[in-house]
Amino acid sequence: MKKTITLLMTIALTLALCCGAFAESYSVGVCQLMVHDSLDQATQGFVDALTEKMEEAGGVMMYGIPEYRLPKHYVRDLVKAIVGMGVVIKNNTEVGKDISLEEIKAASDTVFLDTGAWKQPILGIDGEHLTQFGLNFLVEVKKFMTKQIGKEVLVCGGGNVAMDVALTAARLGAQKVRLVCLEQREEMPASTEEIARAEEEGVEIFNGWGLKRVITAADGSVTGLESMRCTAVRDENGRFNPQYDQNDTRVFESDCIILATGQRVDIDFLGENYKAQLQSPRGLIEVGDEANTKAAGIFAGGDAAHGPSVAIEAIRDGGVAARSMSRYMGFPLVEKHETDALHFDLDGVNVTTAAVEKDTPVAERSLNVEDSTSLTMEEARAEATRCMNCGCYS
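The paragraphs below set out a description of the structure included in this document. Residue positions are given per chain, counting from 1 as you read along its sequence in written order. The predicted nature of this model means local features are confined to residues of pLDDT at least 70 and side-chain atom pairs, given and counted, to a pLDDT of 80 or more, with totals for whole chains, interfaces and linings taken over all residues. Heavy atoms from the whole structure form the basis of all side-chain values; hydrogens and water molecules are not counted.

1. Some words on the overall build of the protein chain
For the record, the criterion: By the criteria applied, helices consist of DSSP H or I runs no shorter than four residues and strands consist of E runs no shorter than two, each listed in order from the N terminus. Exposure classes here rest on a 1.4 Å probe applied to the protein chains alone. A residue is buried below 20% of its type maximum, exposed above 50%, and partly exposed in between. Whether two residues touch is decided by their heavy atoms; if any such pair falls within 4.5 Å, the residues are in contact.
Counting its secondary structure elements, the protein chain contains 13 helices and 16 strands. Out of the 394 residues in the protein chain, the part that is buried amounts to 48%. Counted over contacts in the protein chain with a minimum sequence separation of 6, partners at least 24 positions apart contribute 62%.

Quick look at the structure:
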């Protein structure tokens, strides 16, 4: 058989692509979806090769999530386990530049596309080129550890990435970190815990402000951001459609503006022919229920197919794609289902308070040490007894 080539930017696919039977798999771009897909396929006999644009495999889990949120030794240990199962990872190789999708498909039985969401959205405000992209800031954070960050950092965005950017800037030594977003406090997409953590460390949050223009000094240096009042984030149908009061403006002084207003999917790596064939009306890769695309033997999932989302959804797509690809090549996977009756612990289900991770005191938090410690095995076992519908204690 030809190689099974997987284009991914998430570790989940590596786990799913590794579950075939005596066929070769080839994955490109290693993130959470890729890793999980490859592990699944490797355990079934596929020989995988993964092509990764960056120096290390792991995608956003390696580069876009701060060390204090996800220590990188966890990602490296997983990648090491995959390599130990016979998977070859080719780093510093970019699809669409160093190798084309046509070349990959010609050498493969199946291809999986999941290149993540790494592209900066263009907002169209004056002076936007003078700002920094939040995801790039997180990727390049080590560079900022060796040079001075701005004294007054302004982060734009209301999601968890914006919280990560703001916290990272604060821990890098910025004298003041402020965050502005369109949403009111109760509308912010960031989790309540992440918002609270940012405020614990001195990040000031200003709700209900949209971006108007970057303000500069005579020498071209950034001095601040002019914003305008956001009167509504969504329309009557719930669609994202911000409305502004152009007469209600405010200037936020800053010498470093970081935009964390979201990421976009870039499918230009497909090339003209495949892009025309696979692109959905939303500018993503169009897929069916089994992760199949309009091109025979090509599958897709994760952000590339559904838009920016969370890692666990990419991991799910990795499993779906692995089973579909294996079935396409003539090796359907037999899924095991529990037949025993569901059960629960009579004492455990009466415990109404959930166990929580222990946070490091604010004064002891840093860029390279995990903020929260996991439950002990004893605490985890006790927490598992609170489940009323598991069928087993996970």
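Past the structure itself, the notes keep going.
2. Quick look at the packing of aromatic side chains
Selection criterion: Each aromatic pair joins two rings of Phe, Tyr and Trp (for Trp, the six-membered one) with centres within 6.5 Å, and gets the label stacked for planes under 30 degrees apart, edge-to-face for over 60, and tilted for any other angle. Whether a charge sits over a ring depends on NZ of Lys or CZ of Arg being within 6 Å of the ring centre and within 35 degrees of the ring normal.
For the coordinates displayed, the defined rule picks out 3 aromatic pairs. Taking the centre distance of 5.9 Å and the plane angle of 80° together, the rings of Phe 299 and Tyr 328 count as edge-to-face. Residue Phe 299 is located in strand S14 (residues 298-300), and its partner Tyr 328 is located in helix H12 (residues 311-328); the two are separated by 29 residues in the primary sequence. Using a relative accessible area of 5% as the deciding quantity, one classes Phe 299 as buried. Three or more aromatic residues joined by ring pairs form one cluster here, namely Phe 206, Trp 209 and Phe 252. Sitting above the plane of the Tyr 68 ring, Arg 171 keeps its charged end 4.1 Å from the centroid. Geometry around Trp 209 places Arg 229 over its ring, the cationic atom sitting 4.0 Å from the centre.

3. A word on the sheet that holds strand S6 (residues 132-133)
As a reminder of what qualifies: In this description, strands pair whenever DSSP reports at least two bridges between them. Fitted lines through C-alpha atoms serve as axes, helices being fitted only where they are in contact, and the angles separating the N-to-C directions of these axes extend from 0 to 180 degrees.
Strand order in the open sheet formed by 5 strands is S6-S13-S7-S8-S9, with parallel pairing between adjacent strands. Across the chains shown, the open sheet's two edge strands, defined by having one partner strand only, are S6 and strand S9 (204-207). Across 4 bridges, strand S8 (residues 176-181) lies against S9 in parallel orientation. Directly across from Cys 181, in S9, lies its bridge partner Asn 207. Across the sheet, helix H8 (residues 160-171) is in contact with strand S7 (152-156), S8 and strand S13 (256-259); its angle to S8 comes to roughly 165°.

4. What about the nonpolar core?
This is how it is decided: What we call a nonpolar core is a set of buried Ala, Val, Leu, Ile, Met, Phe, Trp, Tyr and Cys residues that are connected through their side-chain atoms within 4.5 Å.
By size, the foremost hydrophobic cluster in this structure holds 28 residues, and its most contacted members are Phe 137, Val 153, Val 155, Val 177 and Leu 179. When residues of this core are assigned to their parent elements, the largest contribution, 6 residues, is made by H8. Not counting chain neighbours up to four residues away, the residues in contact with Val 153 comprise Ala 169, Ala 174, Lys 176, Val 177, Arg 178, Ser 254, Cys 256 and Ile 258.

5. A short note on the state of the cysteines
Selection criterion: When two cysteine sulfur atoms lie within 2.5 Å, the pair is treated as a disulfide.
As enumerated under the stated definition, the model contains 0 disulfides in all. Unpaired in this structure, Cys 230 has its nearest cysteine sulfur neighbour in Cys 181, at a distance of 9.1 Å. Taking the relative accessible area as the measure of exposure, Cys 230 reaches 5% and is therefore buried.

6. Side note on a nonpolar patch on the surface
Applicable threshold: Nonpolar side chains (Val, Leu, Ile, Met, Phe, Trp, Tyr) are joined into patches within 5 Å and like charges within 9 Å, using only residues with over 30% relative accessible area and no salt bridge. For every accessible area listed, the method is Shrake-Rupley and the probe measures 1.4 Å; residues are considered covered only by the protein chains on display. The working definition used for a salt bridge is a side-chain nitrogen of Lys or Arg within 4 Å of a carboxyl oxygen of Asp or Glu.
Taken together, the side chains of Phe 344, Leu 346 and Met 388 define a hydrophobic patch exposed on the protein surface, amounting to about 350 Å² of accessible area. Here Phe 344 shows up in the loop between H12 and strand S15 (358-359). On the basis of relative accessibility, which here comes to 40%, the residue Phe 344 falls in the partly exposed class.

7. Observations concerning H12
Rules: Each residue after the first adds 1.5 Å to the expected span of a helix.
Its 18 residues give H12 an end-to-end C-alpha distance of 25 Å, which sits within 8% of 26 Å, the value for a rise of 1.5 Å per residue. Turning to H12, its buried residues are Ala 314, Asp 317, Gly 318, Gly 319, Ala 321, Ala 322, Ser 324, Met 325 and Ser 326. The positive-phi residue at the C-terminal boundary of H12 is Gly 330, with phi of around 95°.

8. Re the pairing of S7
Note the following rule: With the strands aimed away from the viewer, a crossover counts as right-handed if its path from the first strand over the helix to the second runs clockwise.
For S7, a buried count of 4 out of 5 residues is recorded, marking the element as mostly surrounded by other parts of the structure. Note that S7 and S8 share 5 bridges and pair parallel. Opposite Leu 154, over in S8, you have Arg 178 as the bridge partner. Traced from S7 through H8 to S8, the parallel crossover comes out right-handed. Where S7 lies against S13, 4 bridges are found, and the strand directions are parallel. Note that in S13 the partner of Val 155 across the bridge is Ile 258.

9. Structural notes on the sheet that holds strand S12 (residues 240-253)
Reading across the sheet, the 3 strands line up as S10-S11-S12 and stay open at both edges, with antiparallel pairing between neighbours. Looking at the sheet topology across the chains shown, the edges are occupied by strand S10 (209-216) and S12. Strand-to-strand twist across the sheet, computed as the mean angle between neighbouring axes with direction ignored, equals 25°. Summarising the sheet, S10 and strand S11 (residues 222-234) pair through 7 bridges and their orientation is antiparallel. The partner of Ile 215 across the bridge, within S11, is Gly 224.

10. Quick notes on the packing of H8 against helix H9 (residues 192-200)
Keep this limit in mind: Oblique is the label for any angle not covered by the other classes, which are roughly parallel (under 35 degrees), roughly antiparallel (over 145) and roughly perpendicular (65 to 115). In this scheme the handedness of a crossing depends on how the near helix is turned from the far one: anticlockwise by less than a right angle means left-handed, clockwise means right-handed. Amino acids outside the nonpolar list (Ala, Val, Leu, Ile, Met, Phe, Trp, Tyr, Cys, Pro) and the charged list (Asp, Glu, Lys, Arg) are all regarded as polar, and Gly is one of them.
Where H8 contacts H9, the axes come no closer than 10 Å and their chain directions differ by 20°. With respect to their mutual orientation, H8 and H9 come out roughly parallel. For the crossing formed where H8 meets H9, the hand is left-handed. Facing H8, whose interface residues are Asn 160, Met 163 and Leu 167, H9 presents Glu 194, Ile 195, Arg 197 and Ala 198. Residues that form the contact of H8 with H9 fall into these classes: 4 nonpolar, 1 polar and 2 charged.

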